[in-house]
Amino acid sequence: MLFWKMQGAGNDFILFNNLDGRYVDYSQLAKKLCDRHFGIGADGMMACEKSTSCDIKMVYYNQDGSKADMCGNGIRCFSKFIYENKIVDKTSFLVEAAARNYDISLITQNDEVKLVKVEMGLPTLEPKLIPVLTDNNEFINEEIVIEDRKFLASAVLIGVPHLVIFEDDMSLQELDYYGFRLEQNTKLFPKKINVNFVKIIDKSTIGVKTYERGCGYTLACGTGMTSSAYIANKLGLVNDKVKVSSPGGEVEIEILKEKLYMTGPVQKICDGRVDDDWLLA
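Reading guide: rules and limits
Residues numbered from 1 in each chain as written. Predicted model: local features only at pLDDT ≥ 70, side-chain atom pairs only at ≥ 80, totals over all residues. Heavy atoms only, no water. Phe/Tyr/Trp six-rings, centres within 6.5 Å; stacked < 30°, edge-to-face > 60°. Helix = DSSP H or I, 4+ residues; strand = E, 2+ residues; numbered from the N terminus. Buried < 20%, exposed > 50% of the residue type's maximum accessible area, 1.4 Å probe, protein only. Lys NZ or Arg CZ within 6 Å of the ring centre and 35° of its normal. Salt bridge = Lys/Arg side-chain N within 4 Å of Asp/Glu carboxyl O.

Student: How should the packing of aromatic side chains be read in this particular structure?
Tutor: For any pair of aromatic rings, the description consists of the separation of the ring centres together with the inter-plane angle of the planes. All told, the structure shown has 9 aromatic pairs when counted by the stated rule. On the numbers, 6.0 Å between centres and 70 degrees between planes, the contact of Phe13 with Tyr60 is edge-to-face. A residue pair is termed long-range when its members are at least 10 positions apart, and Phe13 in strand 2 (residues 11–17) and Tyr60 in strand 4 (residues 56–62) qualify at 47 residues. A single burial state applies to Phe13 and to Tyr60, both of which are buried. Between Phe16 and Tyr23, the ring centres sit 5.6 Å apart and the planes meet at 80 degrees, which makes this aromatic pair edge-to-face. As far as the burial class goes, Phe16 and Tyr23 line up, both buried. By the ring-pair criterion, three or more aromatic residues cluster together here, those being Phe16, Tyr23, Tyr26 and Tyr61. Above the plane of the ring of Tyr261 lies Lys117, whose end atom (NZ or CZ) is 4.8 Å from the centre.

Student: What is the right way to read the pattern of salt bridges from this model?
Tutor: Two side chains carrying opposite charge are able to pair once their charged atoms lie near each other. Counted by the stated rule, this structure contains 17 salt bridges. Connected through shared salt-bridge partners, Lys5, Asp12, Arg36 and Asp43 make up one network.

Limitation: the analysis is restricted to geometry and does not speak to function.
As structure tokens, then:
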């Protein structure tokens, strides 16, 4: 298998071309490739497939082998990968990713992708679609108690389910402890949930730390950064255009009535070849 390793805002991925359908067991592949000790190491894995409705299809799996419908930083890396490998030869195209199609616009220089703009679609606040178990029409600023601590949390679906909590000073130790317990609270979130701890810096800037479902703490999460900006805007805390920083980097989120847009850079780290005898064993 020929692969690229890439990162977007510190969120790292392994990508490969599977247009011929040679590789089938994505869950097992992701667990082997993403292992940081016995594999290449990454937060997730993406493969290219043929699409009947778009220019290309993106398949995404977390490092634990679980399938995810969408990854914001991942789809930006995927877009650079398919363009620079001449799988798709235009700078505006459609990517199919599980539940929906995504409009992509590339900003290039000397045929190298510098920035990727992704139309992230409309957020979903309907509890049964997120899903979150509540009798309310929306899960916004609801109190969740985890042992000795109370959180005001809001749930939204932007590709994947996200919980947004405004906390100014959340240490990594606290993030791991409470993020895990919030993610695993299946009595409230039947399919588990990504957890974002958000700091409001000013009306145009926020900081986000994410405990990602199926991955744990990551340096960034694109859908989480988008979800955080959207909820902050809905609550009147930020403007319609927001710079969102994470420990791994930053993106810009634009909030329009019809759609959300995320724009940010991506980087190729390396490329290489994995022995199929090891990979498929």
